[in-house]
Amino acid sequence: MASLRFGKIGGSSDLQLTDRVDALSLEEKGPAFPAMEMPPELLVEVFHFAVSGDKPINPLFFGKICREWRSLAFSSCQLWQDLDLILKIEYHAQFILFEEWIARVGCLPITISIADPFEVLRVDSKEDPLHACAQLINHIRPISSRISSLTLQRLPQTSLDLIARAEISPWSVLKELQVLSDTCGMRSQLDFSTAAQLTSAIIRELYISHVTLPWSQLLDLRLDGVLPSEIREALEWSTNLLRLHAVGIVDTLEEGVDAALTQSALQHLTLSAQRNFNFAWGCEPFNTIRLPGLQTLKLEMGPKRPTANERGLRRLRIYPGILLSGCDLTELSIECAAILTPSFILCLAILPSLLHLRLLNNAWCQDERDDPSSLGPELMHAMTVTVERPAKLPYLESLIFKGSVVSFAPEVLVDFLESRWGTPGTQPLRSVVFRSAGEVWLVKEEHRAAFGHWRERGFEVEVQ
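Below you will find a few notes about this structure.

Cut-offs and rules
- Residues numbered from 1 in each chain as written.
- Predicted model: local features only at pLDDT ≥ 70, side-chain atom pairs only at ≥ 80, totals over all residues.
- Heavy atoms only, no water.
- Phe/Tyr/Trp six-rings, centres within 6.5 Å; stacked < 30°, edge-to-face > 60°.
- Helix = DSSP H or I, 4+ residues; strand = E, 2+ residues; numbered from the N terminus.
- Buried < 20%, exposed > 50% of the residue type's maximum accessible area, 1.4 Å probe, protein only.
- Expected span 1.5 Å × (residues − 1).
- Arc of directions from axis to C-beta.
- Core = buried A, V, L, I, M, F, W, Y, C linked by side-chain atoms within 4.5 Å.
- Contact = heavy atoms within 4.5 Å.
- Axes fitted to C-alpha atoms, helices over the stretch in contact; angles between N-to-C directions.
- Parallel < 35°, antiparallel > 145°, perpendicular 65-115°, else oblique.
- Pairing = 2+ DSSP bridges.
- Salt bridge = Lys/Arg side-chain N within 4 Å of Asp/Glu carboxyl O.
- Polar contact = N/O pair within 3.5 Å; in protein donor to acceptor, adjacent residues only side chain to side chain.

**Section: the packing of aromatic side chains**
For the coordinates displayed, the defined rule picks out 18 aromatic pairs. Ring centres of F47 and W69 lie 5.2 Å apart, and the angle between their planes is 65 degrees; on these two criteria the pair is classed as edge-to-face. On the criterion of sequence distance, the pair formed by F47 in helix α2 (residues 40–51) and W69 in helix α3 (residues 67–74) is long-range, its members being 22 residues apart. By relative accessible area, which is 12% here, W69 ends up buried. Ring plane angle 10 degrees and centroid distance 4.6 Å describe the contact between F401 and F434, whose orientation is recorded as stacked. Of this pair, F401 sits in strand β20 (residues 398–405) while F434 sits in strand β21 (residues 431–437), and the two are 33 residues apart along the sequence. Neither F401 nor F434 differs from the other in exposure class; each is buried. One aromatic cluster is present, formed by F344, W364, F401, F408, F434 and W441 through successive ring pairs.

Next up, the structure:
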């Protein structure tokens, strides 16, 4: 995405590149000779590749090569569709260039990202305190119907309030929206209800009730810095949502049981408390939601493995929610949780559809009163096939188990693998990664020989 920023980048700046406001004028002088003989349509493709990707080139650069390149680049509307406006003190010049830039896009849809990391828009200027934000609103309003992707990042709450009160519309072709704030003190309501094509939204550090969206249209939603009750509200409003990623969930310590809510469309759910410890979600709130279409469930319950001395530690118990949802999960990932072992084994018993299981940095408990400690052999025994007991997780393709302390010897893992791989035939399980620790967990040469034998047969085995 090209930028209208005026900071030093590699010893140069966009101001040096553009020289002055009329940098977008075709009358700008330049070398008369073409720098490279190439068909125009191919050269445009090269330009388009250069302005895309992780390290895009500003399309203004092509105008500095020669007049032919300048004419071709400045008449190719698709090169100007992406604009990253990072406001600086020189915002007056930025807004003038903004107008020229938008004129180059023609009638094509526009992707715009606006960030204010230096608080240019904050209402504390000695001149006109609303002037910068008013200019921004005046530049966005005429093109709102052409914006296909909009990112508002690190804008002050006062500016978001002003933008909300401006009631900018319509958002006729808006498909992707990101509102990324640092605080949640907004008083007004951002209204994107006219975004008839909106399918993807990211909201950070804002109450979702302060952002009006066509919720029933959304397919992808990410919430960052969110209450458990807001996750439930988002699922209730977004009846066609396929993917929900909630990060930085705030533990409110509220465990009141709500009436059951069914959302049939959701396929992928990620709940993460990376910045907190063991949030309330995962117990009563999760177990009151029915997600019959769920295929992928990822739970990141905290930043590290729980320990016995953590006060108010929640035990993860998702069996009721999985059972009552009746979903056919294919992927389950749990990280940094205090898992109730008996409940988790019951959960696996009702998930024959599971293909991928990831258990990372977890502690294990036998009941609610137990302190989190090491994992006994029960889980591995439950997944081991015997003559009397058919396999739990019969279609399992990959198992990743890392970061937990175990109270069993490697022979338990060898027995599990032998039960899955010991007899010839088609075996869904192809990959096992097992990295653990414990007083009796000591991988010996005979174990390594067994693992090497299975690797020779084409299985992926990594054990430490």
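Don't stop here, the text continues.
**Some details on helix α4 (residues 91–105)**
Side chains that are three or four residues apart share a direction in an α-helix, a result of its 3.6 residues per turn. Helix length check: α4, at 15 residues, gives a terminal C-alpha distance of 21 Å against a target of 21 Å (1.5 Å per residue), a fit within 8%. Taken together, the buried positions of α4 are occupied by Y91, Q94, F95, L97, F98, W101, I102, R104 and V105. Seen from one end, α4 has its buried residues packed into an arc of 165 degrees, which puts them on one side.

**Overview of the nonpolar core**
Counting residues in hydrophobic clusters, the biggest one holds 127 residues, and the most contacted among them are L213, L297, I318, L332, I334, F344 and L357. Excluding anything up to four places from it in sequence, L213 contacts L177, F192, L198, A201, I203 and L218.

**Remarks on the packing of α2 against α3**
Where α2 contacts α3, the two axes come as close as 10 Å, and the packing angle between them is 75 degrees. As summarised for this structure, α2 and α3 are arranged roughly perpendicular, according to the angle between their axes. The residues of α3 that touch α2, namely those facing P40, L43, V44 and F47, are W69, L72 and A73.

**Observations regarding the environment of E68**
Within the element layout of this structure, E68 appears in helix α3. Residue classification places E68 among the partly exposed residues on the basis of a relative accessible area of 39%. Linking E68 and P40, residues 28 residues apart in sequence, is a C-alpha distance of 9.5 Å.

**What about unusual backbone geometry?**
The peptide bond linking S169 to P170 adopts the cis configuration, its omega dihedral lying at 0 degrees. Structurally, the position occupied by P170 is in the loop between α6 (157–166) and β5 (176–180). One non-glycine residue, C336, adopts positive backbone phi at about 60 degrees. With a phi angle near 55 degrees, N361 is a residue other than glycine that sits in the positive phi range. By the element assignment, N361 lies in the loop between β18 (356–360) and β19 (363–365).

**Some words on the sheet that holds β19**
What the three strands build is an open sheet, ordered β15-β17-β19; its pairing is parallel. Every interior strand has two partners, whereas the edge strands, β15 (315–316) and β19, have only one. Across three bridges, strand β17 (residues 338–340) lies against β19 in parallel orientation. Directly across from I339, in β19, lies its bridge partner W364. Across the sheet, helix α10 (residues 341–349) is in contact with β17 and β19; its angle to β17 comes to roughly 70 degrees.

**Here we look at the pattern of salt bridges**
The tally for this structure, following the rule as stated, stands at four salt bridges. Note that R448 is salt-bridged to E445, the shortest N-O span being 3.3 Å. Of the two residues, R448 and E445 both sit in helix α13 (residues 445–456), three residues apart, roughly one turn of that helix. Judged by its relative accessible area of 42%, R448 is partly exposed.

**Side note on the environment of Q94**
Position of Q94 among the secondary structure elements: in helix α4. Judged by relative accessible area, which is 0%, Q94 ranks as buried. At a separation of 2.8 Å, a polar atom in the side chain of Q94 contacts the main-chain carbonyl oxygen of I86.

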